[in-house]
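Report on the structure
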Amino acid sequence: MKKIKYHSLILTLALISLATIFLSGVTAHAEDGARRYDFTSSNPSVLDDFTIVNEDAAEYELKSDGLHFGRNTGDINGTKTNVQNLFLTDVSDSYVIETHIKLDAPWLYPEAQACLVVFDDYTDFVKLGFQGRNVALCYSVGGKLTDGFASTSLPATTKEVWLRIEKENSNYSAFYSTNGTNFFRIGGAVAELEATKAGFYVGWNGYSDRAPQDVLFDYFSVTPKEAEVLPMDKTLVLNKETVKLEYGKSFALEAVSSDPDTDVGELTYESSDESIVT
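Residues numbered from 1 in each chain as written. Predicted model: local features only at pLDDT ≥ 70, side-chain atom pairs only at ≥ 80, totals over all residues. Heavy atoms only, no water.

Among the secondary structure elements, lysine 127 is positioned in strand E10 (residues 124-131). In this structure the side chain of lysine 127 is engaged in a polar contact, spanning 3.0 Å, whose partner is the side chain of aspartate 75. Not counting residues up to four positions away in its chain, the partners in contact with lysine 127 are Asp75, Ile76, Gln113, Cys115, Leu116, Val117, Ala136, Leu137, Cys138 and Tyr201. (Helix = DSSP H or I, 4+ residues; strand = E, 2+ residues; numbered from the N terminus. Polar contact = N/O pair within 3.5 Å; in protein donor to acceptor, adjacent residues only side chain to side chain. Contact = heavy atoms within 4.5 Å.)

So, in structure tokens, the structure goes:
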């Protein structure tokens, strides 16, 4: 059998003695490139993939239960450039980023925040923050911050939240959970970003004469978004699904995408008699 791979897209052709050809199935999948950084290992190598912007090593510490942050008073909001200990790693294409945040006590001040962020620079970003008694989504393009924030209120006793941002092309969707299982969508954004860096940070924690709270992240994950599984007729179109040939005659099977913006690429086929079909 000959097999030519087009990523994980598979086209199967079966043949009978008169060279009857038919399409048996097409399925599209994204390549697996998921990463999960477990900060409960106490192994500093877990941070090797991260760049730390405006690092202050005295205000974060990797412990057995996660990555802890202390006094981090800066922020990213379209005008401020004083964020501290912004952890960023490389991302690409469409993806889902997620983290889990724990506080030693509910936020004492409404400005205090722990955030998940897609970051080009201080004027171009999308961030989702556990801030005060809310979870809020905001973004900035070219230094213009969103006029209205998509947000949801949390109980005053909330001390832990899971945050998730899904990116597909220039579309961003924000989700939160209070149990790590049931996620709720807060809102979305359309932002033309390079979006090749993503990560997390703590802001407005312990500024002025206020005592900082202990903030913990126990993991950060990056998961490529899987392509939607499409029916065959929405993916490939053959010039013939069945053909019968007389001896000595030939026929060229052609496949094109039903979406003019999608490249068919290489295809996989199987031949029951390679002396007939090659």
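Picking up where we left off.
A word on the pattern of salt bridges. Taken as a whole and judged by the stated rule, the model has five salt bridges. The closest approach of N and O atoms between lysine 127 and aspartate 75, which form a salt bridge, is 3.0 Å. Highlighted residues: lysine 127 in strand E10 and aspartate 75 in the loop between strand E6 (66-69) and strand E7 (86-90), separated in sequence by 52 residues. An identical accessibility class is assigned to lysine 127 and aspartate 75; each is buried. (Salt bridge = Lys/Arg side-chain N within 4 Å of Asp/Glu carboxyl O. Buried < 20%, exposed > 50% of the residue type's maximum accessible area, 1.4 Å probe, protein only.)

Below, the discussion takes up unusual backbone geometry. Non-glycine residue serine 42 carries a positive phi angle of around 65°. Mapped onto the elements of the fold, serine 42 is located in the loop between strand E3 (35-38) and strand E4 (51-53). Among the residues examined, serine 42 registers a relative accessible area of 37% and is labelled partly exposed. A positive phi is found at asparagine 85, a non-glycine position, where the angle reads about 50°. Note on asparagine 85: relative accessible area 0%, which makes it buried.

Within strand E9 (residues 113-121), seven of the nine residues are buried, which leaves the element mostly enclosed by the surrounding structure. Where E9 lies against E10, eight bridges are found, and the strand directions are antiparallel. Note that in E10 the partner of valine 118 across the bridge is valine 126. Connecting the antiparallel pair E9 and E10 is a turn made up of two residues. Pairing geometry for E9 and strand E17 (residues 197-203), over six bridges, is antiparallel. By the bridge assignment for E17, glutamine 113 is matched with glycine 203. (Pairing = 2+ DSSP bridges.)

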